[in-house]
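Close look at the chain arrangement
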Amino acid sequence: MPGTESVQITGPSGDRYDEILTPRAIELIAALHAELGPRRFEALAARRRRQAELSRGAMLDFLPETADIREDPAWRVAAPAPGLVDRRVEITGPTDKKMTINALNSGANVWLADFEDANTPLWDNMITGQLNLKDALDRTIDFRSAEGKDYALRPDDELATIVVRPRGWHLDEKHILVDGERASASLVDFALYMAACAQRQLDKGKGPYFYLAKNESHLEARLWNDAFVLAQDFLGIPRGTIRATVLIETIPAAFEMDEILYELREHSAGLNAGRWDYLFSVIKKFRTRGQEFVLPERNSVTMTAPFMRAYTELLVKTCHRRGAHAMGGMAAFIPSRRDPEVNEKALAKVREDKTRESGDGFDGSWVAHPDLVPLCKEVFDSVLGTNPNQLAKTREDVHVTAADLLAVSKTPGVITEAGLRNDISVALQYLAAWLGGNGAVGIFNLMEDAATAEISRSQVWQWIHNDVALDDGPVVTRELVEQLIDEELTKIRAAAGEDFDADRYGQAVALFSEVALADTFADFLTIPAYERMP
């Protein structure tokens with residue numbers, strides 16, 4: 001594989017890989033790491049220090065040293081970029097060929113092309129995903145299913161705007177070494193897309209746009225902003241061409257929304273309420289702090305919980321005060337063509353959720369399945385009408401305190417054996433699929449990704465280590481969970497029949513045990529999972 005003196009490509013070569021792993025892309029990876037690599041490690045070390053402080057009893061609060069940024073009413077982010085003015089419906093999904101075509105054709109305004117939570121980072125997935133984006137922009141992509149159904153792109157003016165989500169700062173790309181060390185997965189995904197597709201996006205009248213995942217502070221946003229400046233200068237693209245929406249999906253970031261927007265001002269496209277990872281972050285950050293931070297079982301935690309309402313309302317107010325888009329959370333339901341009763345109930349919940357978001361002032365929201373695009377669009381159409389967004393809705397009525405954001409104990413709901421079993425079953429099924437190369441998996445009529453799997457395993461860890469008793473049964477112990485793993489695995493095996501992959505599920509059980517039952521909490525399940533794949 002090609003490389004330079006400082007960059008070594010260790011992953012195997014494949015068909016057309018050279019169109020993505022170009023000399024220019026490799027030079028950009030080298031430049032980004034030379035400039036930003038040490039600061040990335042500093043940012044990750046700062047995360048570890050903050051976690052240690054929280055585990056010792058510290059509490060999160062708004063930063064006193066950045067109060068002047070929060071209190072200054074004058075500054076604004078850049079005006080919405082072409083293709084990002086109207087974002088009332090956004091669809092998410094991995095970058096395989098079929099999803100690329102279906103998402104772009106879905107009728108959504110934006111497609112979040114996901115290299116992160118809905119993707120398994122197999123080397124081939126990462127490179128062919130970039131190829132699929134390039135081919136989509138060149139209109140040379142097509143797909144034929146095993147059943148003989150052909151998929152092709154609609155005209156350009158009917159396609160969703162592509163917004164790429166690179167992997168988070170905490171992840172490495174083990175198939176690319178920079179000065180003998182694993183490259184940053186974030187910088188690799190970003191550089192490969194910029195080198196291959198930035199000019200193609202500009203030629204389409206739009207630009208290279210990104211969703212930024214797992215950020216925990218404004219200093220991490222500053223790191224991204226510096227990456228944007230470097231890449232634009234390197235490629236000869238005007239500064240401010242790149243636009244990025246930051247997912248507020250960690251609880252530390254909820255206390256730094258203004259500061260994150262400020263750091264990305266000329267490159268900002270707003271913030272998103274990444275609800276599933278946010279719940280995972282709450283559990284992770286306060287996992288040893290006792291009953292005050294123990295959440296009910298995951299399916300009973302809704303967006304009407306007081307601490308979730310505080311977080312989402314603050315997000316809308318903060319964004320609109322700065323001229324930035326506020327994007328709502330994921331509708332993970334997968335419509336069923338075989339069970340109308342399930343559909344009716346679930347679609348009513350989706351409608352209720354999107355109605356709440358549109359009423360709160362969000363400018364748009366996410367769905368995981370093309371069949372939900374019309375419903376989401378209908379709800380936002382009823383509020384927006386011909387307006388492209390709700391930036392004028394400033395929510396001056398919202399007043400959120402640190403205590404409001406931390407009011408986890410006010411969340412209604414219980415923890416039952418059924419809830420524990422659901423966490424175990426979902427995690428096992430998802431991890432088995434993830435290890436097989438599929439990062440977006442339909443389980444129990446919901447689209448599961450790494451974020452929802454993280455909630456499942458982290459809840460189990462927290463319940464074990466905080467002596468939580470089931471509402472209808474005993475205290476959650478390691479022994480009880482091991483028993484339920486065996487029982488749920490038996491159910492999965494029976495349901496799968498001849499399709500049951502014993503080896504894959506053996507790996508899934510081992511991985512789940514490592515991240516849910518060990519004494520030490522793994523920060524992200526995807527890190528040990530990544531080591532189990534080639």
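What you see is a predicted model; the values in this text were computed from it and never measured.

Observations regarding the overall build of the chain
Regarding its fold elements, the chain presents 18 helices and 15 strands. Here the C-alpha radius of gyration of the chain, 22 Å, is about what a compact globule of 534 residues would show, namely 24 Å. Considering only C-alpha atoms, the chain reaches an extent of 65 × 55 × 50 Å along its principal axes. Looking at the chain as a whole, 62% of its 534 residues are labelled buried.

A short note on the packing of helix α1 (residues 23-55) against helix α6 (residues 218-235)
Packing of α1 against α6 brings their axes to within 10 Å, and their N-to-C directions diverge by 170 degrees. By the angle between their axes, α1 is roughly antiparallel relative to α6. For the pair α1 and α6, contact is made by R24, E27, L28, A31, L32, E35, L36, R39, R40, A43 and R47 and by E220, R222, L223, D226, A227, L230, A231, F234 and L235, respectively. Grouping the amino acids of the contact of α1 with α6 by side-chain chemistry returns 11 nonpolar, no polar and nine charged.

A word on the pairing of strand β10 (residues 243-248)
Each regular strand shows side chains that alternate between the opposite faces of the sheet. In terms of residue burial, β10 counts as a mostly covered element, since six of its six residues are buried. A two-sided burial pattern is seen for β10, the buried positions comprising R243, T245 and L247 on one face and A244, V246 and I248 on the other. Inspection of the sheet shows strand β9 (residues 209-212) paired to β10 by four bridges, in the parallel sense. Its bridge partner lying in β10, Y209 is registered against R243. Between the parallel pair β9 and β10, the chain is carried across by α6, and the sense of this crossover is right-handed. Both β10 and strand β11 (residues 268-273) contribute to a ladder of five bridges, which runs parallel. Among the inter-strand pairings, L247 is bridged to a residue of β11, identified as N272.

Description of the environment of L314
Here L314 shows up in helix α10 (residues 306-321). A C-alpha to C-alpha distance of 8.8 Å links L314 and R395, two positions 81 residues apart in sequence. Once residues lying within four places of it in the same chain are set aside, the contact partners of L314 are F62, A254, M257, V398, V400 and L405.

Topic: the packing of aromatic side chains
In this structure the tally under the stated criterion is 17 aromatic pairs. When the ring of W461 is compared with that of F521, the centres are 5.2 Å apart and the planes differ by 85 degrees; the resulting orientation is edge-to-face. Note that W461 is positioned in helix α15 (residues 450-465) and F521 in the loop between α17 (502-516) and α18 (526-530), a separation of 60 residues in sequence. The same class applies to W461 as to F521, namely buried. In this arrangement the basic side chain of R40 is found over the ring face of F41, its NZ or CZ atom lying 5.4 Å from the centre. The residue whose ring lies beneath R265 is Y262, and the NZ or CZ to ring-centre distance is 3.9 Å.

Some remarks on the sheet that holds strand β8 (residues 181-184)
Strand pairing within a sheet occurs via backbone hydrogen bonds; the two strands may be parallel or antiparallel. Strand order in this open sheet of three strands is β1-β7-β8, and the pairing throughout is antiparallel. Each of the sheet's edge strands pairs with one partner strand only, and the pair in question is β1 (7-9) and β8. The average angle at which neighbouring strand axes cross in this sheet is 60 degrees, direction not considered. Both strand β7 (residues 172-178) and β8 contribute to a ladder of four bridges, which runs antiparallel. Across the sheet, V178 pairs through a bridge with E181, a residue of β8. Here α1 sits on the sheet and contacts β1, β7 and β8; the angle it forms with β7, its principal contact strand, is near 105 degrees.

A short note on the nonpolar core
Across soluble globular proteins, you tend to see nonpolar side chains buried next to one another. Core analysis: the biggest nonpolar cluster contains 125 residues, and W111, F190, M194 and I248 have the highest contact counts within it. At 10 residues, helix α5 (residues 185-203) tops the list of elements feeding residues into this core. In this structure, A427, W434, V468 and A529 belong to the second largest nonpolar core, which totals 44 residues.

Regarding the environment of P252
Tracing the backbone shows P252 in helix α7 (residues 251-254). With relative accessibility at 1%, the residue P252 sits in the buried group. Residues P252 and N225, 27 residues apart in the sequence, show an inter-C-alpha distance of 19 Å. Leave out the neighbours within four places in its chain, and P252 touches R50, L60, E216, S281 and K285.

A closer look at the pattern of salt bridges
Where charged atoms from two side chains of opposite charge approach closely, those side chains can pair. As enumerated under the stated definition, the model contains 50 salt bridges in all. For R70, the salt bridge identified is with E259, shortest N-O distance 2.8 Å. Here the residue R70 occupies a position in helix α2 (residues 67-71), and E259 occupies one in helix α8 (residues 257-263), the gap between them amounting to 189 residues. Residue R70 shares its accessibility class with E259, and that shared class is buried.

Looking at the environment of V373
Inspection of the secondary structure puts V373 in helix α12 (residues 373-384). Those residues in contact with V373, other than ones at most four positions away along the chain, are V89, I91, S106, G107, A108 and V367.

Regarding the side chain of S186
On the secondary structure map, S186 appears in helix α5. Using a relative accessible area of 0% as the deciding quantity, one classes S186 as buried. One polar contact links the side chain of S186 to the main-chain amide nitrogen of W169, over a distance of 3.2 Å. In contact with S186, not counting residues within four places along its chain, are P166, R167, G168, W169, L171 and W224.

Things to note about unusual backbone geometry
The backbone phi angle of R139 is positive, close to 60 degrees, even though this residue is not glycine. Under the relative-accessibility criterion, R139 is labelled partly exposed at 36%.

Rules used in this analysis
Residues numbered from 1 in each chain as written. Predicted model: local features only at pLDDT ≥ 70, side-chain atom pairs only at ≥ 80, totals over all residues. Heavy atoms only, no water. Helix = DSSP H or I, 4+ residues; strand = E, 2+ residues; numbered from the N terminus. Rg over C-alpha atoms; globule rule 2.2 N^0.38 Å. Buried < 20%, exposed > 50% of the residue type's maximum accessible area, 1.4 Å probe, protein only. Axes fitted to C-alpha atoms, helices over the stretch in contact; angles between N-to-C directions. Parallel < 35°, antiparallel > 145°, perpendicular 65-115°, else oblique. Contact = heavy atoms within 4.5 Å. Nonpolar A, V, L, I, M, F, W, Y, C, P; charged D, E, K, R; others polar. Pairing = 2+ DSSP bridges. Right-handed = clockwise from strand over helix to strand, strands pointing away. Phe/Tyr/Trp six-rings, centres within 6.5 Å; stacked < 30°, edge-to-face > 60°. Lys NZ or Arg CZ within 6 Å of the ring centre and 35° of its normal. Core = buried A, V, L, I, M, F, W, Y, C linked by side-chain atoms within 4.5 Å. Salt bridge = Lys/Arg side-chain N within 4 Å of Asp/Glu carboxyl O. Polar contact = N/O pair within 3.5 Å; in protein donor to acceptor, adjacent residues only side chain to side chain.

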